[in-house]
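# Structure assessment
So you can see what is in the structure, the chains are spelled out below.
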Amino acid sequence: MVEPKIIVDTSTQGTLKDWRFGSEEAGDGLGRWSVSKRILSGGRQQGVEVIEVDNGALKFTVVPSRGCNVWTGCVGPLRLGWDSPVKEVVHPRFVNLTERGGLGWLNGFGEWISRCGLESMGAPCQDGKQPLTLHGRINYLPASYVEVRYEPGEFPRLVVRGIVEETLMFGPQLRLTTEISTEIGTRTLVFEDTVENLTDAPQEMQSLYHINFGPPLLGPGAEFLAPVKKVAPMNARAAEGAMKGWNVYTGPHEPGYTEQVYLVEPFGSAQGETEVMLKSGDGLSGAVVSFNLNQLPCLTLWKQEGPLKSGYVTGLEPATSYPYPKPVERAAGRVPKLGGGKTHHARVGIRVLVSKDEVRQALARIEDLQQATPQVAQEPLE
Amino acid sequence: MVEPKIIVDTSTQGTLKDWRFGSEEAGDGLGRWSVSKRILSGGRQQGVEVIEVDNGALKFTVVPSRGCNVWTGCVGPLRLGWDSPVKEVVHPRFVNLTERGGLGWLNGFGEWISRCGLESMGAPCQDGKQPLTLHGRINYLPASYVEVRYEPGEFPRLVVRGIVEETLMFGPQLRLTTEISTEIGTRTLVFEDTVENLTDAPQEMQSLYHINFGPPLLGPGAEFLAPVKKVAPMNARAAEGAMKGWNVYTGPHEPGYTEQVYLVEPFGSAQGETEVMLKSGDGLSGAVVSFNLNQLPCLTLWKQEGPLKSGYVTGLEPATSYPYPKPVERAAGRVPKLGGGKTHHARVGIRVLVSKDEVRQALARIEDLQQATPQVAQEPLE
Amino acid sequence: MVEPKIIVDTSTQGTLKDWRFGSEEAGDGLGRWSVSKRILSGGRQQGVEVIEVDNGALKFTVVPSRGCNVWTGCVGPLRLGWDSPVKEVVHPRFVNLTERGGLGWLNGFGEWISRCGLESMGAPCQDGKQPLTLHGRINYLPASYVEVRYEPGEFPRLVVRGIVEETLMFGPQLRLTTEISTEIGTRTLVFEDTVENLTDAPQEMQSLYHINFGPPLLGPGAEFLAPVKKVAPMNARAAEGAMKGWNVYTGPHEPGYTEQVYLVEPFGSAQGETEVMLKSGDGLSGAVVSFNLNQLPCLTLWKQEGPLKSGYVTGLEPATSYPYPKPVERAAGRVPKLGGGKTHHARVGIRVLVSKDEVRQALARIEDLQQATPQVAQEPLE
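Residues numbered from 1 in each chain as written. Chains lettered and ligands numbered in written order. Predicted model: local features only at pLDDT ≥ 70, side-chain atom pairs only at ≥ 80, totals over all residues. Heavy atoms only, no water.

The next subject is the relation of the copies chain A and chain C. Of the two same-sequence chains, chain A is brought onto chain C (RMSD 0.0 Å, axial shift 0.0 Å) by a rotation of 120 degrees. Considering both components of the superposition, the chain copies are consistent with a three-fold axis. When C-alpha distances to the rotation axis are compared across chain A, the minimum falls at Arg93(A), with a value of 3.1 Å. When the interface residues of chain A are mapped onto chain C, a mere 10% of them are again interface residues, pointing to distinct binding faces. (Least-squares fit on C-alpha atoms with pLDDT ≥ 70 in both. Contact = heavy atoms within 4.5 Å.)

Below is the structure:
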């Protein structure tokens, strides 16, 4: 009889240091898998807590110290994530969000999957009296509670559950409860996230999943594929070239290249389910991001195809909103407002493809969702 | 023979972790009391050091990591403090005072008694070339030295002594030495605070004790009672209603409610001693704040009667000044200036009332101090 | 046979706590010397890591938590460094560089030798879209790697090697590798510093060594001596007095005194080697700073002769640039630009003089370098 296991890693009762639990302890005969915790050393990552999940096929690292974002991942030799200028998992204490004109968030930006939100998640701006900084605060808030579960059964899985509070007096009072799970032996990870309005008054919230890929998935000839209902350039820079090849990668480019951002409204199933994909140049690998348009209606594609060592990366970013300044999103009706005590739920899956067949099948699913010819705007939405 | 005890908790020689000293160790036969230290876990309170004092009747928590403020208190089931949106004792490393237009102080605002000061303590403002942030820095500076003393004798008491330095080059050079004490078995705590000008040039300082109450002391029908010489609304919002019921609580109110602030000049005894009180709606409990007008001539009453879960709270705030921007206070002659090496001393007592009789006696003392009819201004001071 | 020794203190593999290595362990018969590590306690220095080097004649303290700056030094009773208002070795987590209008750097300024740079190192300013804060970030970045070496041989020496990364997405990608070394038994310490452009695109960098002295070297009658080719006041304040006595110290002065800054272009040898000196008022002691004009062409002299307890200090500051705002330095051609993968190297030596003879010899070397009459500008460079 295989027993379930719960490890409470962080709570008001204490925080564990190094630990490990795996297939040996579980005795489930499912091959080698493990989940473990360690605390990082050196430089700006001193004291950062990470939970490393290895389901036997997919490895990834959850960072409770950083809003339970996911630092990096891999499937065997296939690296997910990217080569950021930032190599260390920077501790929030070394990040000042107001720095650099509200771009301080970039000081610790090196992860595979960043969380953006919850009060706001777009470009730095003035929102009435309130200055808002790039991508919000959740990516630099430590989890108040962390538990790790091993759930045996028909589809045995590992779950990291974290609670992160973004609260202050006269400000947001939002609680993120995330469950990041993976089925043993699969190449999929899933976020099941709930944002709760902790107060008795209505509150806005925004959330974006900044899912970032560099080589080997990103490279010349790589493509972004999605069931596009509408796509528009975010700004004049993205509109250059009349949207020709907006979804194809041609870099890395020379110094002087500037990022391009595209705003996508995807088609979904009757239930709102949709999938988008990054396909490698050789068509032999890829990553599929799946989400529900009723939860996350907006998809931003970020192409940052500068030189290899300057942060060569693309982001597939499902979200409640586009990353324009919050007043723009509010005016466009893209900022959800939660009643007192109400919640916003989002499910995001990431599936890694490792063969031509898998890529072809993923493409077929996307084509099935493509209900009509994409509307390609030439002008920015704003 | 009962021996005194001194525990040096924090100094340049080291910082202790968990410890406890109490009536068992002292052997004083005074019933059960204790003082103990622990380090908090989880989220934004990871690593915060707290000293918990239980004198047998009154419990309270001093936070050396946060300028020796007092997180919460209680007398049996009577909770002092309030329900802040911020539940954790946030570590200073997670607070950026310049955030949110200088309102970053609110990121960790959840305590029963906050310290505001020492270079400044009011609203964010530009003071000449110097931007000042809300409530100053002292509430987020860790104590350099902390000792805890048990002093037996006729009036045996527990004392937490802390030293907090607010210093920088070309800036303030002020040292706070605080003694927070309580007599065993009483329902009173006392601050004896000294601010020293460490330099050889004159320096300004400001100090405010932000003493905050939510339910059960705060509620509909609760009253603020004081020997009022003058009272004025702080701004147009507080002036609404022509000052009718300015000292009575009617909330909690619906979302959309905005705080009201009143500026009080109390009467005092010939020696400057005065007392003000928060009385619960049923008149069966209350809290008295006593201070000396020669030290702290200004009393601010903060009414924040919004929805229960949005930070429903009132503050009784004795201070050197009112919480207008520092240039306003300077112009009004309300910013003390200390000569080189000079000090400012303040004594603030908080006494908890737990019966109708105690409330009645406290009220009688306040009425004794009421030497003339209060002058109630209809217009803000500024 | 005396063996070399390497202690890896900090890396991604871990960080050591207290340790010590010295002449006893080395068995080199060179008298008593040692190098040791400890972690500081209390207030804003809680958790700061320091490495204390005592070569038998000269003691100094390297702070890996603070960009491998040097906190203080002494030769027997001769104290190097100064009396800052800041007594603690403030941890970066308590320093917000954007505070006080970009002067937040001053919150932790108390060291003998500060590092300024690497993206910028001058006055706070707006550089295009980029706000820059005083003296840059390197002085508050923790080292990612620290090793300490004992190298026996003909000139046995102790070396602290540190790597500090100043990197962010869309920002600087610079790595400082410093070797701070001292020969056993000498009164000299040497920085050998390399700044590397980690990216594949060109990048600017700036670096300044803020070497600070208070009493006993600083005092009335003390002098700054250098082979001056040109000197100019930095601003109107420094230009007061028509540059008379610009290199002589007359303080400490009364409150109200304002700092004076002078910009020096020294003469050097054919190879660019130069030396500048602070000579004590009695001529019996001094400190020589040696550097190479091909690496560090600019020397700033900072005179802060205010009251003794308000930060009475002078700085001798060899640098790539002057401390004007970066756009000024760029326009003047004083901001080095490194090609992708390229490095900037600088060697700075500090030699302590403890007798009239040593002072006289140092003066003779400076006079040898004085190839022509100094050009003394009356007007600020900008």
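Backbone hydrogen bonds hold the strands of a sheet together, and the pairing may be parallel or antiparallel. Residue and element names in this part refer to chain A. Taking strand neighbours across the sheet as the criterion, the 10 strands line up as S2-S1-S12-S13-S14-S15-S26-S22-S21-S18 in an open arrangement whose pairing is antiparallel. Pairing within the sheet leaves two strands with one partner each, and these edge strands are strand S2 (14-15) and strand S18 (223-225). Where strand S22 (residues 286-292) and strand S26 (residues 343-353) come together, 6 bridges link them in antiparallel fashion. Note on S26: the bridge partner recorded for Ala 287 is Val 352. Its contacts with the sheet place helix H5 (residues 356-369) against S18, strand S21 (273-279), S22 and S26, and it is angled at close to 135 degrees to S21. (Pairing = 2+ DSSP bridges. Helix = DSSP H or I, 4+ residues; strand = E, 2+ residues; numbered from the N terminus. Axes fitted to C-alpha atoms, helices over the stretch in contact; angles between N-to-C directions.)

Further remarks concern the sheet that holds strand S12 (residues 145-151) of chain B. Residue and element names in this part refer to chain B. As summarised here, the arrangement of the 10 strands in space is S2-S1-S12-S13-S14-S15-S26-S22-S21-S18, forming an open sheet in which the pairing is antiparallel. Only two strands of the sheet have a single partner each, and these edge strands are strand S2 (14-15) and strand S18 (223-225). Relative to strand S26 (residues 343-353), strand S15 (residues 188-197) is paired through 9 bridges, and the arrangement is antiparallel. What sits directly across from Thr 194, in S26, is His 345.

If you look at the interface, chain A gives 31 residues, while chain C gives 34 residues. The contact between chain A and chain C buries some 2,500 Å² in all, and 53% of this surface belongs to carbon and sulfur atoms. At the boundary of chain A and chain C, one finds 1 salt bridge. The partner of Arg100(A) in a salt bridge is Glu119(C), and the shortest N-O contact between them spans 2.8 Å. Joining chain A to chain C, the criterion identifies 15 residue pairs in polar contact (both at pLDDT 80 or more). Elements that contribute at least two residues to the side of chain A that touches chain C include exactly helix H2 (99-102) and strand S23 (298-304) of chain A. Among the elements that line the side of chain A that touches chain C, the one with the most residues is H2(A), at 3 residues. Each residue belonging to the side of chain A that touches chain C can be placed in one class, and the counts come to 11 nonpolar, 12 polar and 8 charged. (Buried area = accessible area lost by both parts, 1.4 Å probe. Salt bridge = Lys/Arg side-chain N within 4 Å of Asp/Glu carboxyl O. Polar contact = N/O pair within 3.5 Å; in protein donor to acceptor, adjacent residues only side chain to side chain. Nonpolar A, V, L, I, M, F, W, Y, C, P; charged D, E, K, R; others polar.)

For the rest of this paragraph, the subject is the interface of chain C and chain B. Counting residues at the interface gives 31 residues for chain C and 35 residues for chain B. Taking both partners together, chain C and chain B bury about 2,500 Å²; carbon and sulfur atoms supply 53% of that area. Of all residues in chain C, Arg44(C), Pro85(C) and Arg100(C) give up the largest surface area on contact with chain B, accounting jointly for 26% of the area buried on that side. The tally of links from chain C across to chain B stands at 1 salt bridge. Along the contact surface separating chain C from chain B lie 15 residue pairs in polar contact (both at pLDDT 80 or more). For the side of chain C that touches chain B, the secondary-structure elements that each account for two or more residues are helix H2 (99-102) and strand S23 (298-304) of chain C. The dominant element in the side of chain C that touches chain B, judged by the number of residues it contributes, is H2(C), at 3 residues. Looking at the side of chain C that touches chain B residue by residue, the class counts come to 11 nonpolar, 12 polar and 8 charged.

Below, the discussion takes up the relation of the copies chain C and chain B. Superposition of the two copies of the chain requires a rotation about an axis and a shift along the axis. Screw-axis analysis of chain C against chain B gives a translation of 0.0 Å along the axis, an RMSD of 0.0 Å, and a rotation angle of 120 degrees. When you check the interface residues of chain C against chain B, a mere 10% turn up at the interface there too, and the two sides of the contact use different surfaces.

So, on to the packing of aromatic side chains. Considering all chains together, one arrives at 36 aromatic pairs over all chains under this definition. Arranged with centres 6.3 Å apart and planes meeting at 70 degrees, the rings of Trp112(A) and Phe213(A) form a pair that is edge-to-face. Here Phe213(A) lies in strand S17 (residues 206-213) and Trp112(A) lies in the loop between H2 and strand S9 (113-118), a separation of 101 residues in the sequence. Just as Trp112(A) is buried, Phe213(A) falls in that class too. Residues Trp105(B) and Phe109(B) carry aromatic rings whose centres are separated by 4.9 Å and whose planes lie at 45 degrees to one another, so their mutual orientation is tilted. Pair check on accessibility: Trp105(B) and Phe109(B) agree, each one buried. (Phe/Tyr/Trp six-rings, centres within 6.5 Å; stacked < 30°, edge-to-face > 60°. Buried < 20%, exposed > 50% of the residue type's maximum accessible area, 1.4 Å probe, protein only.)

Side-chain direction in a regular strand flips from residue to residue, so the side chains alternate between the two faces of the sheet. All names here are of chain C. Two elements, strand S3 (residues 19-22) and strand S4 (residues 34-39), share 4 bridges in a ladder whose sense is antiparallel. What sits directly across from Phe 21, in S4, is Val 35. Two elements, S4 and strand S5 (residues 49-54), share 6 bridges in a ladder whose sense is antiparallel. Residue Ser 36 lies in a different strand from S5, and its bridge partner there is Glu 52.

Attention now moves to empty space enclosed by the protein. Going through the model one piece at a time under the given rule, you end up with 6 cavities of 30 Å³ or more. Each pocket or cavity is described by its volume, and for the largest cavity that value is around 660 Å³. In terms of lining, the largest cavity is formed by 32 residues, of which the most central are Arg93(A), Arg93(B), Val95(B), Arg93(C) and Val95(C). Residue composition of the lining of the largest cavity, grouped by class: 18 nonpolar, 5 polar and 9 charged. In this model, the second largest cavity occupies a volume close to 110 Å³. Lining the second largest cavity, in full, are Thr98(B), Glu119(B), Ser120(B), Gln130(B), Pro131(B), Leu132(B), Thr133(B), Gly136(B), Arg137(B), Glu166(B), Glu99(C) and Arg100(C). Ranked by the residues each element gives to the lining of the second largest cavity, the list is headed by strand S11 (residues 130-132) of chain B, at 3 residues. Residues of the lining of the second largest cavity, tallied by class, amount to 2 nonpolar, 5 polar and 5 charged. (1 Å grid on protein atoms, 1.4 Å probe; cavity = no way out; pocket = protein on both sides within 12 Å on 5 of 7 lines; lining within 4 Å. Points joined across faces, edges and corners; volume = space filled by probe spheres on them.)

The step from Gly117(A) to Leu118(A) runs through a cis peptide bond, and the omega angle for that step is -5 degrees. Note that Leu118(A) resides in strand S9. Cis geometry marks the peptide bond from Pro215(C) to Pro216(C); its omega dihedral reads 5 degrees. Among the structural elements, Pro216(C) can be located in the loop between strand S17 (206-213) and strand S18 (223-225). You will see that Arg100(A), though not glycine, has its phi angle at about 55 degrees, which is positive. Accessibility expressed as a relative area gives 10% for Arg100(A), which makes it buried. Positive phi, normally seen in glycine, also occurs at Met243(A), with a value near 70 degrees. By the element assignment, Met243(A) lies in the loop between helix H3 (236-239) and strand S20 (260-266). Look at Met243(A) and you get buried, because its relative accessible area is 4%.

Bringing the pattern of salt bridges into the picture now. All names here are of chain A. As enumerated under the stated definition, the model contains 84 salt bridges over all chains in all. A salt bridge links Lys 37 to Asp 9; the shortest N-O distance between them is 2.9 Å. Here Lys 37 is found in strand S4 (residues 34-39), whereas its partner Asp 9 is found in strand S1 (residues 5-11), with 28 residues between them in sequence. Comparing Lys 37 with Asp 9, the two get one shared label, buried. What emerges from the salt-bridge pattern is a single network uniting Glu 147, Arg 149, Glu 151, Arg 157, Arg 161 and Glu 179.

Turning our attention to helix H5 (residues 356-369) of chain C. Residue and element names in this part refer to chain C. Spanning 14 residues, H5 covers 20 Å between terminal C-alpha atoms, matching the ideal 20 Å at 1.5 Å per step. Regarding H5, the residues found buried are Val 359, Ala 362, Ile 366 and Leu 369. Take H5 and look down its axis: the buried residues cluster within an arc of 80 degrees, on one side only. H5 presents Lys 356, Gln 361, Glu 367 and Asp 368 as exposed residues on the side facing more than 90 degrees away from its buried surface. Where H5 is buried, its residues contact S18, strand S21 (273-279), strand S22 (286-292) and strand S26 (343-353). (Expected span 1.5 Å × (residues − 1). Arc of directions from axis to C-beta.)

So, about the environment of Gly29(C). All names here are of chain C. With respect to the helices and strands, Gly 29 occurs in the loop between helix H1 (23-26) and S4. Note on Gly 29: relative accessible area 73%, which makes it exposed. C-alpha of Gly 29 to C-alpha of Pro 142: the two residues are 113 residues apart in sequence and 35 Å apart in space.

For the rest of this paragraph, the subject is the environment of Glu382(A). All names here are of chain A. Along the chain, the position of Glu 382 falls in the segment after strand S27 (375-376). Assessed through its relative accessible area of 53%, Glu 382 is described here as exposed. Here the alpha-carbon distance between Glu 382 and Met 234, two residues 148 residues apart in the chain, equals 7.4 Å.

Further remarks concern the state of the cysteines. Residues and elements named next belong to chain C. Applying the stated criterion to the full structure yields 0 disulfides over all chains. As a non-bridged cysteine, Cys 68 has Cys 116 as the owner of its nearest cysteine sulfur, 15 Å distant. Residue class for Cys 68 comes out buried when judged on its relative accessible area of 0%. (Disulfide = S-S within 2.5 Å.)

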